[in-house]
Amino acid sequence: MQTYLLSQQFNTGSLAENSTACPANATICNGTSCVVPEDNFNETLSIVLSTVLTIMLALIMFSMGCNVEFKKFWGHMRKPWGIFVGFLCQFGIMPLTAFLLSLAFDVLPIQAVVVLIMGCCPGGTASNIIAYWVDGDMDLSISMTTCSTVFAMGMMPLCLFLYTKMWTDSNAIVLPYDSIGISLVSLVIPVSFGMYVNHRWPSKAKIILKIGSIVGAVLIVVTAVVGGILYKGSWIISPKLWIIGTMFPAAGYSLGFFLARVAGLPWHRCRTVSLETGMQNTQLCSTIVQLSFTPEQLELMFTFPLIYSIFQLLFALLILAGYRVYRRHQVKRKTDVEKTEEKEDSKSMSSHAKINGGFISNETK
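It should be emphasised that the depicted structure is a prediction, and the values quoted were computed from it without experimental measurement. (Residues numbered from 1 in each chain as written. Predicted model: local features only at pLDDT ≥ 70, side-chain atom pairs only at ≥ 80, totals over all residues. Heavy atoms only, no water.)

Below, the discussion takes up the overall build of the protein chain. In terms of helices and strands, the protein chain carries 14 helices and 3 strands. Long-range contacts, defined as pairs at least 24 residues apart, comprise 81% of the intrachain contacts of the protein chain with a sequence gap of at least 6. Summing over all exposed atoms, the protein chain offers an accessible surface of approximately 20100 Å²; the carbon and sulfur share of this is 65%. (Helix = DSSP H or I, 4+ residues; strand = E, 2+ residues; numbered from the N terminus. Contact = heavy atoms within 4.5 Å. Areas by Shrake-Rupley, 256 points an atom, 1.4 Å probe, with all protein chains shown as cover.)

This is how it looks when you write it as structure tokens:
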């Protein structure tokens with residue numbers, strides 16, 4: 001059965017003068033009212049996008065799993081110091097940072113709540129893709145993403161209860177455990193298959209990993225662009241939320257790296273913890289917001305997850321670019337040092353040969 005919406009009232013005089021005043025797709029035009037079919041384009045596009053993203057995400061996590069060795073992964077689970085540091089960052093630093101930013105900028109209570117929801121979300125899977133490109137510890141990255149998603153089932157209600165009490169009744173916030181469960185399944189199952197492929201067919205796993213990392217990078221950008229177009233009507237928002245959306249991911253990356261370094265983790269794991277801290281599951285945040293608040297409240301808060309996702313991606317790309325420049329500089333420097341050492345060795349050998357009448361021993365050949 002087709003659904004109809006009553007459109008705006010038209011001026012009687014203008015209708016009399018112009019019979020085409022009603023929309024072209026109107027099915028009933030009676031007096032000053034026109035009835036037109038409901039436009040479900042955005043809703044349909046959103047459902048299609050969510051379905052495609054879920055499938056693509058599973059395939060990408062399968063490819064990421066192809067870079068994970070079971071022994072190293074299990075080593076992180078048995079000696080979870082890196083995971084523990086990530087846990088402190090994810091459910092300690094991020095909610096506290098969200099709370100302090102909300103206080104500092106004195107945003108509306110409903111806007112403070114959405115900032116806190118973002119801060120309490122688990123790590124996003126995009127961090128695994130970026131961690132691969134910055135030569136991070138993939139075993140630790142996937143371990144942290146999986147564990148933070150599991151811990152979110154208990155830590156999110158606790159953090160939201162503690163931090164949102166001064167702004168709203170925490171019981172008003174609906175946590176979509178089904179969405180968290182879907183995120184967990186889309187993580188664990190494909191990664192497990194990837195680990196199995198890496199164990200059985202290492203050469204094929206490397207090919208799958210390269211393809212998946214490129215597709216994943218493209219998917220991150222496409223998701224941000226499509227999300228911006230899909231919700232283009234929501235971009236009118238308080239400048240304070242734009243500032244918080246810019247500062248929040250930057251603070252997450254910086255504080256995560258700092259805490260990991262203080263904890264004594266090596267540099268490649270510090271980069272991993274930094275990315276896992278700053279990159280949040282923005283899709284989960286959007287789902288919680290849509291389930292918990294009225295359309296009037298959504299107008300004041302719905303755009304924030306989109307803003308955060310844009311700036312977390314932007315800063316991640318800056319980190320990636322900076323690391324690539326640093327790595328290229330280090331490789332060039334290492335090559336120059338090796339060439340210098342080779343020249344010095346050849347000079348010492350030639351001088352030694354002159355002293356000994358051209359004789360070069362077998363040890364120096």
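Moving on from the coordinates now.
Time to look at the packing of helix α5 (residues 109-120) against helix α12 (residues 282-292). Where α5 meets α12, the closest approach of the two axes is 9 Å, and the angle between their N-to-C directions is 140 degrees. Between α5 and α12, the interaxial angle falls into the category oblique. Judged by the sense of rotation from one axis to the other, the crossing of α5 with α12 is right-handed. Every residue of α12 that contacts α5 at Val114, Ile117 and Met118 is listed here: Thr282, Cys285, Ile288 and Val289. Looking at the contact of α5 with α12, its residues break down into 6 nonpolar, 1 polar and no charged. (Axes fitted to C-alpha atoms, helices over the stretch in contact; angles between N-to-C directions. Parallel < 35°, antiparallel > 145°, perpendicular 65-115°, else oblique. Left-handed = near helix turned anticlockwise from the far one by under 90°. Nonpolar A, V, L, I, M, F, W, Y, C, P; charged D, E, K, R; others polar.)

Right, let's get into the confidence of the model for the protein chain. Summing up the model confidence of the protein chain, the mean pLDDT is 75 and the portion of residues at 70 or higher is 69%. Confidence, read as mean pLDDT per element, is least for strand β1 (residues 4-6) in the protein chain (39) and greatest for helix α10 (residues 239-262) (93). Taken together, the stretch residues 35-39 has pLDDT below 50 and engages in 19 contacts with residues farther than four places along the chain or on a different chain. (pLDDT = per-residue confidence, 0-100.)

We now examine the layout of surface pockets. Estimated volume of the second largest pocket: approximately 270 Å³. For the lining of the second largest pocket, the secondary-structure elements that each account for two or more residues are α11 (267-278) and α14 (304-355). Of the residues assigned to the lining of the second largest pocket, the class counts are 7 nonpolar, 2 polar and 1 charged. (1 Å grid on protein atoms, 1.4 Å probe; cavity = no way out; pocket = protein on both sides within 12 Å on 5 of 7 lines; lining within 4 Å. Points joined across faces, edges and corners; volume = space filled by probe spheres on them.)

For helix α4 (residues 81-105), built from 25 residues, the straight-helix expectation of 36 Å at 1.5 Å per residue is met to within 8% by its first-to-last C-alpha distance of 35 Å. Its axis deflected by about 25 degrees at Cys89, α4 carries its strongest bend there. Phi turns positive one or two residues past the end of α4, at Asp106, with a value near 50 degrees. (Expected span 1.5 Å × (residues − 1). Bend = angle between axes of the 7 residues up to and from the residue.)

Relative orientation of the contacting elements α5 and helix α7 (residues 138-163) amounts to 145 degrees, with a least axis distance of 10 Å. In the packing of α5 onto α7, the handedness of the crossing is right-handed. Residues Leu116, Ile117 and Cys120 of α5 pack against Met156, Cys159, Leu160 and Tyr163 of α7. When its residues are assigned to classes, the contact of α5 with α7 shows 7 nonpolar, no polar and no charged.

In this section: the pattern of salt bridges. By the definition in use, this model includes 2 salt bridges. With a shortest N-O distance of 3.1 Å, Arg327 and Asp135 are connected by a salt bridge. Residue Arg327 is located in helix α14, and its partner Asp135 is located in the loop between α6 (126-133) and α7; the two are separated by 192 residues in the primary sequence. What makes Arg327 partly exposed here is its relative accessible area of 35%. (Salt bridge = Lys/Arg side-chain N within 4 Å of Asp/Glu carboxyl O. Buried < 20%, exposed > 50% of the residue type's maximum accessible area, 1.4 Å probe, protein only.)

Applying the stated criterion across every chain, the model contains 1 cavity of 30 Å³ or more. Taken as a whole, the largest cavity encloses approximately 60 Å³ of empty space. Together, Ile83, Gly86, Phe87, Gln90, Phe91, Met144, Cys147, Ser148, Phe151 and Glu276 line the largest cavity. Sorting the residues of the lining of the largest cavity by element identifies α4 and α7 as the ones contributing at least two each. The element best represented in the lining of the largest cavity is α4, accounting for 5 residues. Here the lining of the largest cavity is composed, by residue class, of 6 nonpolar, 3 polar and 1 charged.

Under the feature "transmembrane region" (unreviewed entry), the UniProt entry names residues 45-63, 83-105, 112-134, 140-163, 175-195, 207-229, 241-260 and 306-326. Structurally, residues 83-105 comprises 100% helix and 0% strand, and the distance from its first C-alpha atom to its last is 32 Å. Between the C-alpha atoms that bound residues 241-260 there is a distance of 28 Å. The span itself is 100% helix and 0% strand. (UniProt positions renumbered as here; feature names shortened; annotations may be inferred.)

So, about the environment of Ile288. Tracing the backbone through its elements, the reader meets Ile288 in helix α12. In the structure, Ile288 is positioned 170 residues away from Met118 in sequence and 9.6 Å away in space, judged by C-alpha atoms.

This paragraph deals with the nonpolar core. Counting 35 residues, the largest nonpolar core has Val115, Ile117, Phe248, Val289, Phe293 and Phe304 as its most contacted members. Elements with a contribution of two residues or more to this core: α4, α5, α7, α10, α12, α13 (295-301) and α14. When residues in this core are grouped by element, the largest group, 9 residues, is from α5. Residues Met61, Ile130, Ala131 and Met279 belong to the second largest nonpolar core, which totals 24 residues. (Core = buried A, V, L, I, M, F, W, Y, C linked by side-chain atoms within 4.5 Å.)

This part is about the side chain of Thr145. Inspection of the secondary structure puts Thr145 in helix α7. Engagement of the side chain of Thr145 in a polar contact is seen with the side chain of Glu276, the distance being 2.9 Å. Filtering out sequence-adjacent residues up to four positions away, Thr145 remains in contact with Gly123, Gly124, Thr125, Ser127, Asn128, Leu187 and Glu276. (Polar contact = N/O pair within 3.5 Å; in protein donor to acceptor, adjacent residues only side chain to side chain.)

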